[in-house]
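Below are the chains, spelled out letter by letter.
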Amino acid sequence: MTPKSLHPDSLAVHAGRDDLAELGVHALPLDLSSTNPLPGIDVGGLSYEVLATGGHPFEGGSHVYARLWNPTVARFEEALARLEHAEEAVAFSSGMAAVTAVLLALSHEQGKRHVVAVRPLYGGTDHLLASGLLGVEATYCTPDAVASAVRPDTALVILESPANPTLELVDIRAVVAAAGDVPVLVDNTFATPVLQHPLDLGAAISLHSATKYLGGHGDVVGGVVACDAQTAAALRRTRAITGAIMHPLAAYLLHRGLTTLPVRLRAQQEGARMVARWLTTRPEVARVHFPEFAECDPNGLVGSQQSGPGAMIAVELADGFDAASELTAAVELFTHAVSLGSVDSLIQHPAALTHRPVQSEAKPSDALVRLSIGLESPDDLIADLEQAFARSRVLSHQA
Ligand SMILES: *Cc1c(COP(=O)(O)O)cnc(C)c1O
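Residues numbered from 1 in each chain as written. Predicted model: local features only at pLDDT ≥ 70, side-chain atom pairs only at ≥ 80, totals over all residues. Heavy atoms only, no water.

S.K.: Help me understand the pattern of salt bridges, please; the structure alone is not making it clear to me.
M.R.: It is possible for side chains bearing opposite charge to pair when their charged atoms get close. Within the structure shown, the criterion is met by 13 salt bridges. Asp9 is paired through a salt bridge with Arg266; the nearest N and O atoms lie 2.7 Å apart. Of this pair, Asp9 sits in helix H1 (residues 8–14) while Arg266 sits in helix H11 (residues 248–280); the two residues are 257 residues apart in sequence, bridging distant segments of the chain. Asp9 gets classed as partly exposed once you look at its relative accessible area, which sits at 25%. Residues Asp126 and Arg119 are paired through a salt bridge, measuring 2.8 Å at the closest nitrogen-oxygen approach. Overall, Asp126 belongs to the buried group, its relative accessible area being 2%. The class of Arg119 is buried, set by a relative accessible area of 16%. (Salt bridge = Lys/Arg side-chain N within 4 Å of Asp/Glu carboxyl O. Helix = DSSP H or I, 4+ residues; strand = E, 2+ residues; numbered from the N terminus. Buried < 20%, exposed > 50% of the residue type's maximum accessible area, 1.4 Å probe, protein only.)

Below is the structure:
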């Protein structure tokens with residue numbers, strides 16, 4: 001085991017690699033086997049039993065089948081668990097597969113079918129809860145209404161901080177206190193373990209769309225849940241039954257991505273600071289949502305709950321939807337695309353795209369665009385927005 005005292009930056013480089021020297025390799029091994037040799041029917045059958053019910057492989061046993069266990073996935077899980085200060089982690093084929101597994105596992109384990117959901121949430125999560133597809137009933141509320149929304153049959157409280165897309169910050173400790181015995185899930189996709197450790201703040205579960213900052217290069221879809229060992233076993237059991245395990249190639253890329261996560265995030269955050277400050281000076285902009293600005297952080301959570309503002313910005317344009325539409329069409333260095341957390345900068349319109357399925361009362365403003373700041377020079381990003389604003393003005397005058 002790598003020493004417990006390692007700085008998080010060192011941990012990001014070394015976690016999940018303790019046995020590599022012993023194996024005689026330096027890079028992460030990638031095991032693509034869909035099936036595995038069985039030492040005998042008895043041991044094979046026992047291995048199947050243990051893995052399908054959420055256990056770990058045992059000495060002399062088999063991994064049996066890649067839907068039950070994959071060593072490359074397990075290695076990424078071990079690394080992510082250490083970064084999140086969790087006992088274990090369980091990786092899924094996407095962020096939504098991870099949310100689905102948590103809802104299924106927790107409601108089933110406890111025989112409870114109610115979830116309290118603090119809005120705003122990512123549109124897909126909001127939609128999954130509203131759909132009733134999983135037989136779970138959701139009560140949506142604001143952070144201060146969690147205590148009154150919790151019922152005897154509440155299996156989970158779910159929140160995001162910073163939340164997608166408005167970057168609202170939720171006081172995690174306060175929600176944990178309000179939830180009482182009910183486990184709290186924090187979607188940590190925007191903050192990442194570089195800025196925030198939900199389990200240290202009392203949350204039971206920290207969840208990621210690994211597609212975003214953990215992968216960081218826009219070439220992987222995945223999800224991962226960090227939690228205690230008992231919850232992890234329930235999640236692996238659910239994963240084995242429903243078939244939502246992460247692909248080993250995705251786990252390999254994500255594990256490789258973790259090594260640069262701290263430097264990427266800090267550099268992207270620096271760029272976001274400069275872009276966000278510049279945006280506040282522009283007449284085209286009505287409001288900039290960025291956690292570093294005092295009006296976006298009334299409870300002073302940046303510095304106490306999360307160590308920095310992150311690299312996401314939401315912008316309300318003075319001229320509403322038309323201006324948003326023109327801006328997304330006029331940028332050249334930014335890519336007009338959903339998703340976030342990549343090394344390249346992205347811009348998108350949440351109400352039309354990522355938050356399209358959200359019920360009208362909770363939909364983000366039509367004037368809002370969301371920026372994910374990448375690793376380009378902030379000066380180039382600002383120049384791109386500047387030319388885009390100038391061109392949009394031309395476009396709007398022509399119209
Ligand atoms: C993208 C996203 C998800 C869903 O993850 P996928 O990997 O797209 O399935 C969940 N939560 C947040 C905050 C996200 O941004």
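From this point, the discussion proceeds with the structure in view.
S.K.: For this particular structure, what's the right way to read the site of the ligand?
M.R.: Taken together, 14 residues are adjacent to the ligand, and Met96, Asp187, Ser209, Thr211 and Lys212 come closest. Within the complex, 91% of the 380 Å² of free accessible area of the ligand lies under protein. In the shell around the ligand, the residues fall into 4 nonpolar, 7 polar and 3 charged. (Near = heavy atom within 4 Å. Areas by Shrake-Rupley, 256 points an atom, 1.4 Å probe, with all protein chains shown as cover. Nonpolar A, V, L, I, M, F, W, Y, C, P; charged D, E, K, R; others polar.)

S.K.: Is there a simple way to explain the nonpolar core in this structure?
M.R.: Here is a general trend for soluble globular proteins: nonpolar side chains tend to be buried in one another's company. The biggest cluster of nonpolar side chains holds 64 residues, and the ones touching the most others in it are Leu279, Ile313 and Leu371. Here this core takes 11 residues from H11, the largest share from any one element. Of the domains in this structure, domain 1 (3–33 + 70–258) and domain 2 (261–398) are the two that each give at least three residues to this core. Apart from residues no more than four positions distant in its own chain, Ile313 is found in contact with Leu167, Ala272, Val275, Ala276, Leu279, Val288, His289, Phe290, Val369, Arg370, Leu371 and Ile373. Ala97, Ala105, Ile158 and Ile205 belong to the second largest nonpolar core, which has 28 residues in total. (Core = buried A, V, L, I, M, F, W, Y, C linked by side-chain atoms within 4.5 Å. Domains from an automatic or database assignment. Contact = heavy atoms within 4.5 Å.)

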